[in-house]
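Close look at the chain arrangement
Chain by chain, the residues:
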Amino acid sequence: MSDTQTPEKADASASDATAGKHKNPVSYGALAVGFFMILVFAGIVGLVAASFFDAVPEITWPSFLVESDTAVRKLGLMVFVVLLFVGVMALLLFMVDSRKRVPNWTVAIAFVGPALAALLLGLIWPGISTLIQSFYGRSPWYDPERSEFVGMANFSTLFTTPEFQVVLRNTLIWVILVPLVAVGLGLLYAVLIDRTRGEAISKGLIFLPMAISLVGASIIWRFVYEYRAPARPQIGLLNQLLVWLGLEPYQFILNVPWNTTFLIVVMVWIQTGFAMTIISAAIKAIPDDIVEAARLDGVSGLRMFRYVTIPSIRPALLVVWVTITMTTLKVFDIVRTMTGGNFQTSVVANEFYTQSFRQFDFGLGAALAVLLFVIVIPVVVYQVRQLRISEEIR
Amino acid sequence: MTTSNPGIPVEPSVEQKRPSGPRKLTKAEIRASEAKTRLTSPWATGIAIIMAILWTIPTFGLLITSIRPQASIQQSGWWTWFTNPEFTLQNYETVLTGSSTAFGTYFVNTLVITIPAVVIPITIALLAAYAFAWIEFRGRDLLFVAVFALQIVPLQVTLIPLLSIYVDVGLAGSFWTVWLSHSIFALPLAIFMFHNFMKDIPRSLVEAARVDGAGHVRIFFRVLLPLLVPAVAAFTVFQFLWVWNDLLVALTFAGGTPNVAPLTVRLAELSGSRGQDWHLLSAGAFVALIVPVLIFLFGQRYFVRGLLAGGVKG
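Every value quoted in this text rests on a predicted model; they were computed, and no experiment measured them.

Digging into the overall build of chain A
Within chain A, the secondary structure is distributed over 17 helices and zero strands. Nonlocal contacts in chain A, meaning residues at least 24 apart in sequence, comprise 66% of its contacts between residues at least 6 apart. Of the roughly 18400 Å² of accessible surface on chain A, a fraction of 67% belongs to carbon and sulfur atoms.

Let's talk about a nonpolar patch on the surface
A surface patch of nonpolar side chains, amounting to about 330 Å² of accessible area, comprises Phe-64, Phe-80, Leu-84 and Val-88 of chain A. Here the nonpolar patch gets three residues from one element, more than from any other, and that element is helix α4 (residues 71-96) of chain A.

A word on the confidence of the model for chain B
When pLDDT is averaged across chain B, the result is 83; 85% of the residues are at 70 or more. Counting interchain partners and residues more than four positions distant, the pLDDT-below-50 stretch residues 1-22 of chain B has 21 contacts.

Examining the confidence of the model for chain A
Considering every residue of chain A, the mean pLDDT works out to 85; 91% of them sit at 70 or more. Of the regions scoring below 50 in pLDDT, residues 1-22 of chain A engages in 33 contacts with residues more than four places distant in sequence or in other chains.

Digging into the interface of chain A and chain B
Taken together, the contact pairs 121 residues of chain A with 120 residues of chain B. Buried surface at the junction of chain A and chain B, both sides included, amounts to about 11000 Å², of which 74% is carbon and sulfur. Where chain A meets chain B, there are zero salt bridges. The tally of links from chain A across to chain B stands at 14 residue pairs in polar contact (both at pLDDT 80 or more). With 19 residues, helix α5 (residues 104-133) of chain A is the single largest residue contributor to the side of chain A that touches chain B. When grouped by side-chain class, the residues that make up the side of chain A that touches chain B number 81 nonpolar, 21 polar and 19 charged.

Quick notes on the packing of aromatic side chains
One pass over the full model with this rule turns up 39 aromatic pairs over all chains. Consider the rings of Trp-125 of chain A and Trp-141 of chain A, whose centres lie 6.4 Å apart with planes at 50 degrees: the pair is tilted. You can see Trp-125 of chain A sitting in helix α5 and its partner Trp-141 of chain A sitting in the loop between α5 and α6 (153-160), a full 16 residues away along the chain. Ring centres 5.4 Å apart and planes at 80 degrees place the aromatic pair Trp-176 of chain B and Trp-179 of chain B in the edge-to-face group.

Overview of the nonpolar core
One finds Phe-111, Trp-174 and Ile-279 of chain A together with Phe-194 and Met-198 of chain B to be the most contacted residues of the largest nonpolar core, which totals 222 residues. Not counting the four nearest positions on each side in its chain, Phe-111 of chain A is found in contact with Leu-93 of chain A together with Leu-127, Ala-128, Tyr-130, Ala-131, Ile-135, His-216, Val-217 and Phe-220 of chain B. Leu-121, Trp-125 and Tyr-136 of chain A together with Ile-165 of chain B belong to the second largest nonpolar core, which has eight residues in total.

As for the packing of α4 of chain A against helix α5 (residues 103-134) of chain B
Where α4 of chain A meets α5 of chain B, the axes come as close as 9 Å, and the angle between the chain directions of the two elements is 5 degrees. The orientation of α4 of chain A relative to α5 of chain B falls into the category roughly parallel. Between α4 of chain A and α5 of chain B, the residues in contact are Ala-71, Lys-74, Leu-75, Met-78, Val-81, Val-82, Phe-85, Val-86, Met-89 and Leu-93 of chain A and Thr-105, Val-108, Asn-109, Leu-111, Val-112, Ile-115, Pro-116, Val-119, Ile-120, Thr-123, Ile-124 and Leu-127 of chain B, respectively. Across the contact of α4 of chain A with α5 of chain B, the residue classes tally to 18 nonpolar, three polar and one charged.

Thresholds, definitions, all that
- Residues numbered from 1 in each chain as written.
- Chains lettered and ligands numbered in written order.
- Predicted model: local features only at pLDDT ≥ 70, side-chain atom pairs only at ≥ 80, totals over all residues.
- Heavy atoms only, no water.
- Helix = DSSP H or I, 4+ residues; strand = E, 2+ residues; numbered from the N terminus.
- Contact = heavy atoms within 4.5 Å.
- Areas by Shrake-Rupley, 256 points an atom, 1.4 Å probe, with all protein chains shown as cover.
- Patch = residues over 30% accessible without salt bridge, like charges linked within 9 Å, V, L, I, M, F, W, Y side chains within 5 Å.
- Salt bridge = Lys/Arg side-chain N within 4 Å of Asp/Glu carboxyl O.
- pLDDT = per-residue confidence, 0-100.
- Buried area = accessible area lost by both parts, 1.4 Å probe.
- Polar contact = N/O pair within 3.5 Å; in protein donor to acceptor, adjacent residues only side chain to side chain.
- Nonpolar A, V, L, I, M, F, W, Y, C, P; charged D, E, K, R; others polar.
- Phe/Tyr/Trp six-rings, centres within 6.5 Å; stacked < 30°, edge-to-face > 60°.
- Core = buried A, V, L, I, M, F, W, Y, C linked by side-chain atoms within 4.5 Å.
- Buried < 20%, exposed > 50% of the residue type's maximum accessible area, 1.4 Å probe, protein only.
- Axes fitted to C-alpha atoms, helices over the stretch in contact; angles between N-to-C directions.
- Parallel < 35°, antiparallel > 145°, perpendicular 65-115°, else oblique.

This is the structure:
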């Protein structure tokens, strides 16, 4: 692989120090890009530091950049941003793409730099900050006057207070039930409709909820669960069914302990389509000769499913399972929209929001966020290991 | 896991056309006959149909509700619509233009949030993925693994520190907070997906262009980008649905102001404050979901491909 832009340059390992001595002059544009990106990084580090010491100078942005009170202004700003952004990136690339000699590091930094800068600012630093905050009290940890170090107190609160124990228990129920039911139903449906007439449409019907926002889905299901006093006509489908069967209408969303289950139904409704799609593709990818060989041996029906289909799609099942588990762990919209976390339905992700932005207890909020992170890690490690094993087999 | 056609048409080869003896069935034919046997099982068909109906009815019920007059919605269930059909667009009109709901304004906000939040991360990620795949520099693999690993960082971990930075630089409550946040959160997954696609492009293609004297930029635009269109389409559908449907990021950074807040925030708010006004909620929900559903229907092929390429975001 060539180290620089110019083919005639033979010494691939030339350092920047020797660059000047080379006959072919270095592209100043490319160098400028390199230094510009370094400045950007320095700027971000500086910004984080300044924010840390509460010393960011007051910046007055031009009003058209930050104010958006009319539709025209909003749309204008949107076009401006897209153009500005594409323009800046194009300029960076244009300056790197020179006929002259370009040091390799400037090319690399022009291509990777923006992404790394963004990740540093938006994921890495915030992650570290939240981790530290989880060991502090209610106030921001970098506020020297009010912050107090509390050690593991936030975490012990989470695990010992009854109200948080309910939250943890609910999260556990979600994380076990949603993948189990969604993968089960997705597998069932994928097998049932495999190679039938109108397969695309049957799939689309189950898959469509994936396109609907969790907020929208919550409203759709709240309407299904809608409760009216027994004397009045029911407008929610489920309660009408109960009435038709001669039963009393039931407060699906309010009545502990089953209400959590009814929220879980919404998530299953959404995730089954995802499970079905991946599983269906995996079923179709089973090599024909395996199926054929099994048929010749007289295997069919359930035994085919048990001894041929399931083992063949094991990796897909695993991926689906892990993915749904991780999505479920962070579920927030459904709980917030349907119950607001009341009636003992809260989960960790919702409680994080409540503690951080309603109670303004940053320490507890951070601890909940860190908890989410910590629970995810073993799941991911397991998945990566399993995938590596299955790749080795392949 | 790869996408593959269900019945890969096997070309009938010469020896199979020989008239001697019973013709060996092609794989496609075997599968077809298998499909026939499947279809005849009434149980399987029945269960599949029941599931399809169960999955459709909730949305359908709300759709019917959204076109019924307000008074009827409160007095009877939507299923009575079949015996007593009524039609009105009044609910949609109220929801879109009514001063207390103003979904029209929020619709514009959602649009203004979504488009840059799709374009920006795709551009940045394409460049980074190219570098990780085709530019050699020290520490590249380590860096790539680090970016890949960032995928598992839950959004929740980043929200408050990010918010405090936005407040410090005076951007709080503007579209910039939502654009930047969505763009950043999308990067690890986008880079990972694009990198996978780029690695699949034959090395010889890139080498050939290099021998012809093309620099990285030219290789990127002329050789790789045209081949990456499906990957970009997949991620576009993905990110579009994600941003359009997001609640958490918008709620944290945009708050509830009509200047910035998107539809999802408004809808969630409406569900809390006017939870019994089903004429508003039903119409509002459909205003919010019509665009993603259309995008989804048209981009389903790409969306599925993205899912299969491991594109799942948390």
